[in-house]
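# Descriptive structure summary
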Amino acid sequence: MSSSKTWSPHADLVVRHARVHTVDLPIEEARWGRTDFATYDDGYVAVKDKKIIAVGPGDGGDWVGPDTDVIDAKGRVLLPGLVDSHMHAQFSGEGMLNIDLRDVPSAEAMFDLIAQRVAVTPAGQFIQGQYWNELLWKNGVIPTRHDLDKISDAHPMFFMRTCFHVACVNSKALAAAGITRDTPDPAGGTIGRDEAGEPNGILYENAAMGLVQDVIPPLTEEQHLQAVENIGRLLNQNGITSVIDANLSFAQMRAYYQALRRGRLSYRARFMFYLDTATGDVPYHLRRLDEMVAVTGFGNDMLKLNGIKVTLDGIPATGTACMRKPYKHMPETSGFTTITPEEMRAIAVKGATYHWQVGVHTIGDKAADIALAAFDAADKAHGPIAENRNYLIHMPYPHEDQLDIMARLNVSNTTQPSIFHLMGENVILNDEQAAINMAAKLFFEKGVVIGGSTDHPVVPCNPFLGMYAAVSRRDSDGTVWGAEYRITPRQALVMWTKNSAYFSHDDAVQGSLAPGCHADMTLIDRDILSCPVEDIKDTVVEMTILGGRVVYKAG
Ligand SMILES: [Zn+2]
């Protein structure tokens with residue numbers, strides 16, 4: 001836009017009459033939870049060439065020329081564009097291509113939604129959906145292939161239950177997968193059958209569902225682009241301008257570059273390249289890293305290769321997170337890791353060799369021990385690794401000895417207080433675990449960078465719910481866990497701005513409203529730094545601006 005006009009001393013955009021929370025402070029302050037950044041009660045932000053050129057009190061009138069767009073914020077509150085440092089953005093956007101069966105009140109209502117989709121879908125093309133739950137229905141019966149065949153026998157169908165452990169499919173899908181009465185149950189899965197032994201269209205567990213999923217064609221290029229647009233809309237509605245998108249495949253990375261070229265990208269994405277043990281063993285992935293020419297930092301302002309993502313353990317509810325002590329609700333186990341400590345070390349050393357950033361999913365405290373030992377070994381072999389900004393993802397039970405290692409090796413953590421608030425896990429933990437569960441304060445006390453995130457689509461990508469949970473330490477039943485670990489609203493805001501920008505090496509240009517930063521801004525309807533704590537979670541985003549361009553406007 002600026003190339004077509006002559007240079008002028010004026011701004012492209014001025015947002016004025018806003019209460020501006022600048023979050024303008026260096027990471028060396030932010031990491032310790034210090035928050036003495038400037039606020040301008042009636043302030044402005046001036047933008048030129050997608051960057052902020054001035055911020056201050058007053059209306060910024062000196063920057064306004066004949067070609068300047070002016071937004072009057074009418075006293076509402078302006079924040080830096082919010083950053084989510086761990087989520088599954090494209091995965092969520094792809095899910096939105098399918099039929100959303102969440103909250104459908106009956107099987108008939110589900111069938112109606114499917115019929116609507118069938119009506120606009122060419123024969124032969126897969127119809128997919130997820131999140132149905134027969135326990136919400138009067139008859140409580142899982143649909144069979146006979147129910148679905150009545151809607152269409154020309155479209156193969158696959159519908160995942162809300163738990164992701166059960167699916168129902170129609171006859172066309174069974175035929176596509178070659179499932180007949182003679183097909184044996186795969187190891188770890190069950191093919192549902194009627195009294196006559198015929199498959200009834202209900203599939204249990206990944207092993208059985210995978211028989212059909214394997215014949216669903218990969219997304220087309222246009223579907224990939226739609227997925228990026230879908231999630232972009234949702235992120236912008238939530239005030240988010242930048243995310244670290246974990247577990248990306250090469251096809252998904254390509255989709256991002258296509259979306260950017262075609263003007264269909266409305267957020268900054270930082271890629272985590274996934275070492276997925278479902279697609280190959282660790283030696284295979286280490287060889288792929290040897291072959292890659294790009295490493296952490298490769299890309300541009302909008303899209304950037306961030307790091308490699310490793311999943312080291314599972315989740316507490318199923319007893320698959322690797323813990324130091326046995327579970328309260330499953331005393332026979334303390335969980336396990338999905339790769340060995342030796343493999344984790346090999347990945348950490350490989351990362352250090354090429355200056356890759358390494359992000360590790362660790363939920364159990366023992367898993368965190370293993371990841372940190374691997375980072376320590378990498379530091380000794382190819383250090384210092386501090387500049388690589390390695391990090392742990394989740395780490396809900398931080399212990400002092402672990403935080404000391406993290407401070408020494410500059411290993412950060414990205415946490416999801418909305419999960420703490422919504423998922424009811426505290427009741428299956430022992431008291432000590434529940435008290436420290438996702439306690440951001442413990443990280444601030446050691447100067448370990450703690451970033452805010454949601455792990456969306458595990459929970460909604462609403463950053464204000466996460467901030468509320470970190471500040472209140474209250475779960476959705478109203479119970480407060482570990483009140484002594486409450487943080488201030490200012491610290492919570494730092495988690496979703498400056499600190500989260502640190503994970504993608506963007507903290508100098510992102511997460512603050514300051515000259516030289518990307519012109520990413522979020523305008524909200526209330527002052528989350530001074531309103532009653534209970535009101536933070538109900539914050540409404542009025543406008544989201546990315547690089548000086550309005551990408552979302554309420555109403
Ligand atoms: Zn995740």
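Everything below is about the structure shown above.
Below is a short write-up of the structure. (Residues numbered from 1 in each chain as written. Predicted model: local features only at pLDDT ≥ 70, side-chain atom pairs only at ≥ 80, totals over all residues. Heavy atoms only, no water.)

## A short note on a nonpolar patch on the surface
Operational definition: For patch detection, residues must exceed 30% relative accessible area and be free of salt bridges, and they are connected within 9 Å for like charges or within 5 Å for nonpolar side chains (Val, Leu, Ile, Met, Phe, Trp, Tyr). Residue-level accessible areas treat just the shown protein chains as cover; the underlying method is Shrake-Rupley with a 1.4 Å probe. The salt bridge definition used is simple: a Lys or Arg side-chain nitrogen within 4 Å of an Asp or Glu carboxyl oxygen. Each helix corresponds to a stretch of at least 4 residues labelled H or I by DSSP, and each strand to a stretch of at least 2 residues labelled E; elements are numbered beginning at the N terminus. Only protein chains enter the accessibility calculation, which uses a 1.4 Å probe; a residue whose area is less than 20% of its type maximum is buried, one above 50% is exposed, and one in between is partly exposed.
A surface patch of nonpolar side chains, about 240 Å² in accessible area, is lined by L422, M423 and V458. Its place among the elements puts V458 in the loop between β19 (450-452) and α16 (463-472). Overall, V458 belongs to the partly exposed group, its relative accessible area being 42%.

## Some words on α16
Among the 10 residues of α16, 10 are classified as buried, and the element is accordingly described as predominantly covered. Every buried residue of α16 is listed here: P463, F464, L465, G466, M467, Y468, A469, A470, V471 and S472. Backbone geometry just downstream of α16 places R473 in the positive-phi region, at approximately 55°.

## Brief notes about the packing of aromatic side chains
Keep this limit in mind: Two rings from Phe, Tyr or Trp (for Trp, the six-membered ring) form a pair when their centres sit within 6.5 Å of each other. Planes less than 30 degrees apart are called stacked, planes more than 60 degrees apart edge-to-face, and all others tilted.
Within the structure shown, the criterion is met by six aromatic pairs. Ring centres 5.8 Å apart and planes at 80° place the aromatic pair Y257 and F271 in the edge-to-face group. With Y257 in helix α8 (residues 250-261) and F271 in strand β14 (residues 268-274), the pair connects residues that are 14 residues apart, well separated along the chain. Ring centres 4.8 Å apart and planes at 90° place the aromatic pair Y391 and F503 in the edge-to-face group. With Y391 in strand β17 (residues 391-394) and F503 in the loop between α17 (489-502) and β20 (521-524), this pair connects stretches of sequence that are 112 residues apart. Accessibility assignment for this pair places Y391 and F503 in one class, buried. Among the aromatic residues, those joined into a ring-pair cluster are Y256, Y257, Y267 and F271.

## Observations regarding the coordination of the zinc ion
Note the cut-off: Here a donor is an N, O or S atom found within 2.8 Å of the metal, or within 3.2 Å if the metal is Na, K or Ca; sites may look incomplete because water is not among the atoms.
Those donors, H86 (NE2), H88 (NE2) and D455 (OD), are the protein atoms that reach the zinc ion, and they lie 2.1 to 2.2 Å from it. Within one chain, the residues donating to the zinc ion are spaced in sequence as H-x1-H-x366-D. Within this pair, whereas H86 is found in strand β6 (residues 82-87), its partner D455 is found in the loop between β19 and α16, the two being separated by 369 residues in sequence. As far as the burial class goes, H86 and D455 line up, both buried.

## Examining the sheet that holds strand β9 (residues 157-161)
Stated precisely, the cut-off is as follows: When DSSP locates at least two bridges between a pair of strands, those strands are taken to pair. Any two residues whose heavy atoms approach within 4.5 Å at even a single point are treated as in contact. Between N-to-C directions, angles cover 0 to 180 degrees, with each direction set by a line fitted to C-alpha atoms, over the stretch in contact for helices.
On the basis of which strands lie adjacent, the open sheet formed by six strands has the order β7-β8-β9-β10-β12-β11 and mixed pairing. Bordering the open sheet on either side are β7 (99-100) and β11 (190-193), each of which pairs with just one other strand. By the bridge criterion, two bridges tie β7 to strand β8 (residues 127-132) in an arrangement that is parallel. Its bridge partner being in β8, I99 is matched across the sheet by G129. Seen against the sheet, helix α6 (residues 205-213) touches β9, β10 (166-169), β11 and β12 (199-204) and runs at an angle of roughly 120° to β12.

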